[in-house]
Amino acid sequence: EQVVVLITGCSSGIGLSLAVCLASDPAKTYKVYATMRNLVKKERLLDCVKGLHKDTLDILQMDVTDQQSIQDARHRVTEKRVDVLVCNAGVGLMGPLEAQALDTMRQILEVNVLGTISTIQAFLPGMKARGHGRILVTGSLGGLQGLPFNEVYCASKFAVEGVCESLAILLQHFNIHVSLVECGPVNTDFLDNLLTTEPGDASTQQVDEHTRRLYETYLKHCGVVFQNASQDTEDVVKIFLEAIQSASPAFRYYSNDALLPLTSPKISAVDGLQYIRTMSKIIFASDKTEQQK
Ligand code: NAD
C-alpha cells in the first residue's frame, strides 16, 4: 500500500522539489497529491516529472486561505486518507514595519498562520480516526528568532511554532507525529514572491532616514547570507525524507547545519538582551555609523 502524501504550495520551491522527489521514488512508495493555489502554474512541476508518474502523482488545486478549496482537495484524494500532510505554503514580507499596509500584513498571517491551521484542521479528524499520521511543516529560523524588517513574517512563523508544539503534545496520544523542518535561506522563488518594500518605494520614503539606512544595510547583509549559506531545495528535501522515513521523527529538524538558530544567547540570558545585541551586531556590522555608537 502506497504512503499517501499531500503537500501544499507545490508550484515552486521546496514544495515542488519534495513532490518531484517523492513521486520519482523507483519503488513507487508514495502517492503524492501536489497541491497549488493556481493550477496554471502546474507546468513547471509536470516538466520536472516528465509525465512519467501517472500512478505516483496527482496535482490538485488548493488555496490554503479558502476552506472550500481545502475541502474540495480533500474529497479528491481517491485513497480517502492522507498519511503524511506537508504544510509548506508560505509567503514572506520584508520592509520597515511602518511601511506595511494592514491588508498586506493580514494576507501574510492568513496564508502562513490560518492557512497552516486550516489545512491541519481538515486532515486531522481522519488521522485521529485511523490512529496514525504525520504532519510536517516548513518552518523558518525566523520562527525561532526575531529578524529586523521581518516582524510580520517572524510573527507568522513564531505562531506556527506555537501551533505545532501545542498540537504535538496532544497528538502523542493518537500516534500522530508533528515535525517542523526549520529552514535557513533556500534558493527558491521565495525572495521573488516575497512582498518586499523596496528602499525606493513611496511607503518606505515616508519612513525616517535612519531606518531607511539600516534597511539598506540589512538588505546587503541578507544578500551576503544568501550568497554564503543558502541551500538548494534538494538539501531541504533530504531532511523532509529523513522525517518521513524515521520510525520516531524529531519534533524539529534543521535544514542547514551551518546556520543554526542562536539559541544559546537566548537560553543563557533569559532577559533576552544578549540575543538582541548579538543579532544587531551581526546584521549591522557593516554599517560604520552604527558601530561607532
Ligand atoms: P516559494 O515562494 O517558491 O514557495 C511557496 C509556495 O507557497 C508557492 O508555490 C506559493 O504559490 C505557495 N502559496 C502562497 N500562498 C498560497 C496559498 N494561499 N495557498 C496555497 N499555496 C500558496 O518559496 P519556498 O522557499 O519554497 O517556501 C516554502 C516554505 O518555506 C514557506 O513556508 C516559507 O516560509 C519557508 N521558508 C523558506 C525559506 C527560503 O529562504 N526560501 C526560508 C525559511 C522558510
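Every value quoted in this text rests on a predicted model; they were computed, and no experiment measured them.

A. Summary view of the sheet that holds strand β2 (residues 30-36). In spatial order, the strands read β3-β2-β1-β4-β6-β7-β9; together these seven strands make up an open sheet with parallel pairing. With one partner strand each, in any of the chains shown, β3 (57-61) and β9 (252-254) form the two edges of the open sheet. If you compare each strand with its neighbour and ignore which way they point, the axes differ by 20° on average. Pairing between strand β6 (residues 133-140) and strand β7 (residues 176-183): eight bridges, direction parallel. Looking at the pairing, I135 lines up with V178 of β7.

B. Just the site of the ligand, in detail. In the vicinity of the ligand lie 29 residues, with S12, I14, Y153, T188 and N193 positioned nearest. In this structure, N88 approaches the ligand through a main-chain N or O atom, which is 2.8 Å from an oxygen atom. Between an oxygen atom of the ligand and a side-chain N or O atom of Y153, the distance comes to 2.7 Å. When isolated, the ligand has an accessible area of 820 Å², and the protein chains bury 97% of it. Only α1 (13-23), β6, α5 (151-171) and α6 (190-193) provide two or more residues apiece to the shell around the ligand. The dominant element in the shell around the ligand, judged by the number of residues it contributes, is β6, at three residues. Partitioning the shell around the ligand into residue classes produces twelve nonpolar, 13 polar and four charged.

C. How the structure looks around the environment of D235. Note that D235 resides in helix α9 (residues 233-245). Residue class for D235 comes out partly exposed when judged on its relative accessible area of 30%.

D. Layout of helix α4 (residues 102-130). Along its 29 residues, α4 runs 41 Å from first to last C-alpha, staying within 8% of the 42 Å computed at 1.5 Å per residue. Phi turns positive, to about 70°, at G131, one or two residues after α4.

E. Geometry of the pattern of salt bridges. One pass over the full model with this rule turns up ten salt bridges. A salt bridge links K28 to D55; the shortest N-O distance between them is 3.5 Å. Of the two residues, K28 is situated in the loop between α1 and β2 and D55 in the loop between α2 (42-49) and β3; the sequence distance between them amounts to 27 residues. Looking at D55, the relative accessible area reads 40%, which means it is partly exposed.

F. Representation of a negative patch on the surface in the model. Taken together, the side chains of E98, E151, D208 and E209 present a region of like negative charge at the surface. Relative to the helices and strands, E151 resides in helix α5. With a relative accessible area of 35%, E151 lands in the partly exposed category.

G. Up close: the pairing of β7. A large share of β7 lies buried, amounting to seven of its eight residues. Tracing the backbone out of β6, into α5 and back to the parallel element β7 gives a crossover that is right-handed. Relative to β9, β7 runs parallel, the two sharing three bridges. Of the residues in β9, the one forming a bridge with L180 is R252.

H. Geometry of the pairing of β2. Along β2, seven of the seven residues are buried, which leaves the element largely enclosed by surrounding structure. On β2, burial covers both faces: Y30, V32, A34 and M36 on one face and K31, Y33 and T35 on the other are all buried. Of the strand pairs in this sheet, strand β1 (residues 3-7) and β2 are connected by five bridges, and their pairing is parallel. Bridge assignment links V3 to a residue of β2, and that residue is Y30. Crossover connection from β1 via α1 to parallel β2: handedness right-handed. Judged from the five bridges that link them, β2 and β3 form a sheet pairing that is parallel. When the sheet's bridge partners are listed, Y33 is paired in β3 with D58.

Calculation rules
- Residues numbered from 1 in each chain as written.
- Predicted model: local features only at pLDDT ≥ 70, side-chain atom pairs only at ≥ 80, totals over all residues.
- Heavy atoms only, no water.
- Pairing = 2+ DSSP bridges.
- Helix = DSSP H or I, 4+ residues; strand = E, 2+ residues; numbered from the N terminus.
- Axes fitted to C-alpha atoms, helices over the stretch in contact; angles between N-to-C directions.
- Near = heavy atom within 4 Å.
- Polar contact = N/O pair within 3.5 Å; in protein donor to acceptor, adjacent residues only side chain to side chain.
- Areas by Shrake-Rupley, 256 points an atom, 1.4 Å probe, with all protein chains shown as cover.
- Nonpolar A, V, L, I, M, F, W, Y, C, P; charged D, E, K, R; others polar.
- Buried < 20%, exposed > 50% of the residue type's maximum accessible area, 1.4 Å probe, protein only.
- Expected span 1.5 Å × (residues − 1).
- Salt bridge = Lys/Arg side-chain N within 4 Å of Asp/Glu carboxyl O.
- Patch = residues over 30% accessible without salt bridge, like charges linked within 9 Å, V, L, I, M, F, W, Y side chains within 5 Å.
- Lys, Arg positive; Asp, Glu negative; His and termini not counted.
- Charge placed at Lys NZ, Arg CZ, Asp CG, Glu CD.
- Right-handed = clockwise from strand over helix to strand, strands pointing away.

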